[in-house]
Amino acid sequence: MGDKKIAIDKTLSSNQIAAFLRLLADELEGKDNAEPNEFGNQLHGFNKLKISLIKQEGGQLSLRLKIKDSPKTPPAATSQFIDTAEQEYRPFKQQYKATFTELTSCAHSGLLPAAELLARFMSESRKLISFQGFGDPCYDDYIQACLAMEQAVKDGELAHFQEKFSVLNALKKSCHQRYK
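Bear in mind the structure is a predicted one, so any value in this text is a computation, not a measurement. (Residues numbered from 1 in each chain as written. Predicted model: local features only at pLDDT ≥ 70, side-chain atom pairs only at ≥ 80, totals over all residues. Heavy atoms only, no water.)

A word on the confidence of the model for the protein chain
Working step 1: Averaged over every residue, the pLDDT of the protein chain is 79; residues scoring 70 or more account for 77%.
Working step 2: Within the model, the stretch residues 73-82 combines pLDDT values under 50 with 6 contacts to residues more than four positions away or in other chains. (pLDDT = per-residue confidence, 0-100. Contact = heavy atoms within 4.5 Å.)

Observations regarding the environment of Phe-100
Working step 1: With respect to the helices and strands, Phe-100 occurs in helix α2 (residues 84-109).
Working step 2: Under the relative-accessibility criterion, Phe-100 is labelled buried at 4%.
Working step 3: The spacing of Phe-100 and Leu-118 is 18 residues in sequence and 9.9 Å in space, taken between C-alpha atoms.
Working step 4: Setting aside residues up to four positions removed in sequence, Phe-100 forms contacts with Phe-121, Phe-165, Leu-168, Asn-169 and Lys-172. (Helix = DSSP H or I, 4+ residues; strand = E, 2+ residues; numbered from the N terminus. Buried < 20%, exposed > 50% of the residue type's maximum accessible area, 1.4 Å probe, protein only.)

Here's the deal with the pattern of salt bridges
Working step 1: Evaluated as defined, the whole model comprises 2 salt bridges.
Working step 2: Between Arg-120 and Glu-102 there is a salt bridge, with its nearest N and O atoms 2.7 Å apart. Within this pair, whereas Arg-120 is found in helix α3 (residues 115-128), its partner Glu-102 is found in helix α2, the two being separated by 18 residues in sequence.
Working step 3: Judged by its relative accessible area of 39%, Glu-102 is partly exposed.
Working step 4: Across the pair Lys-154 and Glu-150 runs a salt bridge whose closest N-O atoms are separated by 3.6 Å. With Lys-154 and Glu-150 both in helix α4 (residues 139-154) and 4 residues apart, this pair spans about one turn of that helix.
Working step 5: A relative accessible area of 58% places Lys-154 in the exposed class. (Salt bridge = Lys/Arg side-chain N within 4 Å of Asp/Glu carboxyl O.)

Topic: the packing of aromatic side chains
Working step 1: Taken as a whole, this structure holds 8 aromatic pairs when the rule is applied.
Working step 2: With a centroid separation of 5.1 Å and an interplanar angle of 75°, the aromatic rings of Tyr-89 and Phe-131 are classed as edge-to-face. With a gap of 42 residues between them, Tyr-89 in helix α2 and Phe-131 in the loop between α3 and α4 connect regions that are remote in the sequence. Just as Tyr-89 is buried, Phe-131 falls in that class too.
Working step 3: Centre to centre, the rings of Phe-100 and Phe-165 are 5.3 Å apart; their planes meet at 35°, and the pair counts as tilted. On the criterion of sequence distance, the pair formed by Phe-100 in helix α2 and Phe-165 in helix α5 (residues 158-179) is long-range, its members being 65 residues apart. One exposure class covers both Phe-100 and Phe-165, and it is buried. (Phe/Tyr/Trp six-rings, centres within 6.5 Å; stacked < 30°, edge-to-face > 60°.)

Let's talk about the nonpolar core
Working step 1: With 25 residues, the main nonpolar core has Phe-121, Met-149, Phe-161, Phe-165 and Leu-168 as its most contacted residues.
Working step 2: Among the elements of the structure, α2, α3, α4 and α5 are those that each provide at least two residues to this core.
Working step 3: In terms of residue count, α4 provides more of this core than any other element does, 8 residues in total.
Working step 4: By size, the runner-up hydrophobic cluster in this structure holds 8 residues, among which are Ile-8, Ile-17, Phe-20 and Ile-67. (Core = buried A, V, L, I, M, F, W, Y, C linked by side-chain atoms within 4.5 Å.)

Okay, structure coming up:
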């Protein structure tokens, strides 16, 4: 039998989210909760649980819950659950960070980036937005800012490049504040 995967996306009030977190805490402490809940028995005996809490425009809160459990007995302590996205994303992110640092250096030094650096950055940016669950709502604005910056470099407009890079950097910081 394979692993069972459950995904739940809900927009909830802050009181409902607080109640959910209390329910989760009870589950972690092993307390039996006889009351039915909107998440069923999925919280009981999970192998992996990912929680994303996103504050949307207007102050609404969106809860994204991904649960993986197995009908078999839990894996032994020596075996690990392997998350491919994490294995691929973290090393990639380090490479991307180095490229972004080079681009930052160009912008601050008043230089247009070399064509090779720009091509590498655009390729890495396209790969970055292919990873699901790492700030997806920011991806459209991010790639649009990348394309605008790329056009400024191709046009040879240093001031325009610096302006577009500043917008791009602000988007990156905003996304990191929300999703890290």
